[in-house]
Amino acid sequence: MSHSPTLLPDVEPAPGRPPVLHAKSADDPVSWAAEHRAALRAAVAEHGSLLVRGLPLTGPAATEAVFRQLTDGLMADREPFAPRRSYADGVYSSSKWPPNQQMCMHHELSYSLDFPGLLLFACLVAPEAGGATAVADGPTVLEALPAALVERFEREGWLLTRTYNDEIGASVGEAFGTEDRAAVERYCRAHAIDFAWQDDGSLHTRQHRSAVVRHPVTGRRCWFNQIAFLNEWTMDPEVREYLVDVYGPDGLPFNTRFGNGDPLDEGIVAAINEVYEAHTLREPWRAGDLLLVDNIRTAHSREAFEGPREVLAALGDPVRLTDCAPTVEVRTA
């Protein structure tokens, strides 16, 4: 399919912000998305992300229809680190995370064996202040990180530990779509997740994954993980102290380590987040905005905000880890 001749010249690159496209004559956002699908996807492939401004996205139904026009398929959200509201199959609210706390840069479901190749976000209600979904280019971040640190993570991978309970973070039911222990255990075995039920009924899991992968289309090496987001040192200090006091250092809802199990010190986590910040692109949400993100190439975050904020999200174009040249072997039962 040829690109729309009137679309791509309107993409505005600007320092410090993602490329912005002003949609013109888009009274019917679903038809507009269908007409410009190829050009939109080409722009995401070129830039890693694209913010489309000016679409009349006013409700979940129209938003879902637009999402489906732009993807080859939507996937269910499994193993989320925080609960979401489901609007339709494959269409969710943004993760329920305290508004006054930032969600640091990460790649969606980078701890899973299947993850979205394309993320779609739509803003129905823009916050009064803050709340941007910012982005950062994974290959650029990879080049800017300390070489010795990258080499170790590339060699060892990273380890995600999680403790599921009903008090904080996603529960077993929210993460796995079922409370049935046998079904949860089958899922874990099929997805290379080590698991152990605790005496108090909570579930503890460990996942060993690659920190650097190759983009399945371009072959570029990408920093692709959630090492510096799902780590104890990224938590609000008072929240971390409370959780350690109540659940113990091994009972945190999530934590990350080097692939061999060694803990990450605060300085390493801060250094990764500082590199992310140096390469962050941000643009405040406006109602009706549509943001498309290449999830493997581009990390995203959610900044703290004030006032109501409604952003819908979809996980599109599923990709298998085995198609991304993982550096750490993963074995499923």
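**Overview of the overall build of the protein chain**
- Helix and strand content of the protein chain: 8 helices and 20 strands.
- Since a compact globule built from 333 residues should have a radius of gyration of about 20 Å, the 19 Å found for the protein chain is in line with a globular shape.
- When the backbone C-alpha atoms are referred to their principal axes, the protein chain occupies close to 60 × 40 × 40 Å.
- Counted over contacts in the protein chain with a minimum sequence separation of 6, partners at least 24 positions apart contribute 80%.
- Summed over its atoms, the accessible surface of the protein chain is roughly 14300 Å², and 49% of this surface lies on carbon and sulfur atoms.
- The protein chain carries 30 positive and 48 negative side-chain charges, and their two centres are separated by 4 Å.

**Quick notes on helix 1 (residues 29-47)**
- Between its terminal C-alpha atoms helix 1 stretches only 22 Å, short of the 27 Å expected from 19 residues at 1.5 Å a residue.
- Along helix 1, the residues classified as buried are P29, W32, A33, H36, A39, L40, A43 and V44.
- Against strand 2 (17-22), strand 3 (49-53), helix 2 (60-70), strand 7 (114-125) and strand 17 (290-294) lie the buried residues of helix 1.
- One side-chain oxygen of the residue at the start of helix 1 lies 3.2 Å from the amide nitrogen of V30, identifying that residue as D28.
- Looking one or two places after helix 1, you find G48, whose phi comes out positive at around 95°.

**Examining the side chain of R302**
- Positionally, R302 belongs in strand 18 (residues 298-302).
- No salt bridge is formed by the buried R302; the nearest opposite charge belongs to E303, separated by 8.7 Å.
- Within the local environment of R302, its side chain forms a polar contact with the backbone oxygen of W97, the two atoms lying 3.2 Å apart.
- A polar contact is formed between the side chain of R302 and the backbone oxygen of Q101, at a distance of 2.5 Å.
- For R302, the residues in contact, after removing those within four places along its chain, are W97, P98, P99, Q101, Q102, M103, G131, A132 and R309.

**Structural notes on the packing of aromatic side chains**
- With the rule as written, the count across this model stands at 9 aromatic pairs.
- Here the aromatic rings of F176 and Y187 are separated by 5.4 Å at their centres, their planes lie at 75°, and the arrangement is edge-to-face. Here the residue F176 occupies a position in helix 5 (residues 172-176), and Y187 occupies one in helix 6 (residues 181-190), the gap between them amounting to 11 residues.
- Owing to a relative accessible area of 5%, F176 belongs among the buried residues under this scheme.
- Each member of the aromatic cluster is reached from another via a ring pair, and the members are F81, W97, F229 and F254.
- Residue placement shows R240 over the ring face of W233; its charged tip is 4.1 Å from the ring centre.
- The residue whose ring lies beneath R309 is F305, and the NZ or CZ to ring-centre distance is 5.5 Å.

**Considering the pattern of salt bridges**
- The tally for this structure, following the rule as stated, stands at 21 salt bridges.
- As a salt-bridge pair, E108 and R84 come within 2.8 Å of each other at their nearest N and O atoms. Here E108 is found in the loop between strand 6 (103-106) and strand 7, whereas its partner R84 is found in the loop between helix 2 and strand 4 (86-88), with 24 residues between them in sequence. The same class applies to E108 as to R84, namely buried.
- The salt bridge partner of R282 is E303, with a shortest N-O separation of 2.7 Å. On the criterion of sequence distance, the pair formed by R282 in the loop between strand 16 (280-281) and strand 17 and E303 in the loop between strand 18 and strand 19 (305-306) is long-range, its members being 21 residues apart.
- By relative accessible area, R282 is classed as partly exposed at 32%.
- With relative accessibility at 16%, the residue E303 sits in the buried group.

**Let's talk about the side chain of T280**
- Structurally, T280 is set in strand 16.
- At 2.7 Å, the side chain of T280 and the backbone oxygen of Y276 are in polar contact.
- Ignoring anything within four residues of it in the chain, the contact list for T280 reads G16, M105, A134, V135 and A136.

**Here's the deal with the confidence of the model for the protein chain**
- When the pLDDT values of the protein chain are averaged, the result is 92; 97% of them are 70 or greater.
- Considering only residues more than four positions removed or in separate chains, one finds that residues 1-7, a stretch of pLDDT under 50, has 13 contacts.

**Some details on the environment of L118**
- Tracing the sequence through the fold places L118 in strand 7.
- Relative accessible area serves as the criterion here: at 8%, L118 is assigned to the buried category.
- For the pair L118 and A183, spaced 65 residues apart in sequence, the C-alpha to C-alpha distance is 28 Å.
- Beyond its immediate sequence surroundings of up to four residues, L118 is in contact with R41, V44, L70, T71, L292, V293, D294, A314, L315, G316 and D317.

**Description of the sheet that holds strand 11 (residues 194-197)**
- Pairing is antiparallel in the open sheet, where 4 strands are placed in the order 11-12-10-15. At either margin of the open sheet sits one strand with a lone partner, and together these are strand 11 and strand 15 (254-258). Sheet twist, expressed as the mean angle between neighbouring strand axes with direction ignored, is 15°.
- Bridge count between strand 10 (residues 158-164) and strand 12 (residues 203-209): 7 bridges; the pairing is antiparallel. Following the sheet pairing, T163 is matched in strand 12 by H204.
- Packed onto the sheet, helix 6 meets strand 11 and strand 12 and runs at close to 155° relative to strand 11.

Reading the values: rules and limits
- Residues numbered from 1 in each chain as written.
- Predicted model: local features only at pLDDT ≥ 70, side-chain atom pairs only at ≥ 80, totals over all residues.
- Heavy atoms only, no water.
- Helix = DSSP H or I, 4+ residues; strand = E, 2+ residues; numbered from the N terminus.
- Rg over C-alpha atoms; globule rule 2.2 N^0.38 Å.
- Contact = heavy atoms within 4.5 Å.
- Areas by Shrake-Rupley, 256 points an atom, 1.4 Å probe, with all protein chains shown as cover.
- Lys, Arg positive; Asp, Glu negative; His and termini not counted.
- Charge placed at Lys NZ, Arg CZ, Asp CG, Glu CD.
- Expected span 1.5 Å × (residues − 1).
- Buried < 20%, exposed > 50% of the residue type's maximum accessible area, 1.4 Å probe, protein only.
- Polar contact = N/O pair within 3.5 Å; in protein donor to acceptor, adjacent residues only side chain to side chain.
- Salt bridge = Lys/Arg side-chain N within 4 Å of Asp/Glu carboxyl O.
- Phe/Tyr/Trp six-rings, centres within 6.5 Å; stacked < 30°, edge-to-face > 60°.
- Lys NZ or Arg CZ within 6 Å of the ring centre and 35° of its normal.
- pLDDT = per-residue confidence, 0-100.
- Pairing = 2+ DSSP bridges.
- Axes fitted to C-alpha atoms, helices over the stretch in contact; angles between N-to-C directions.

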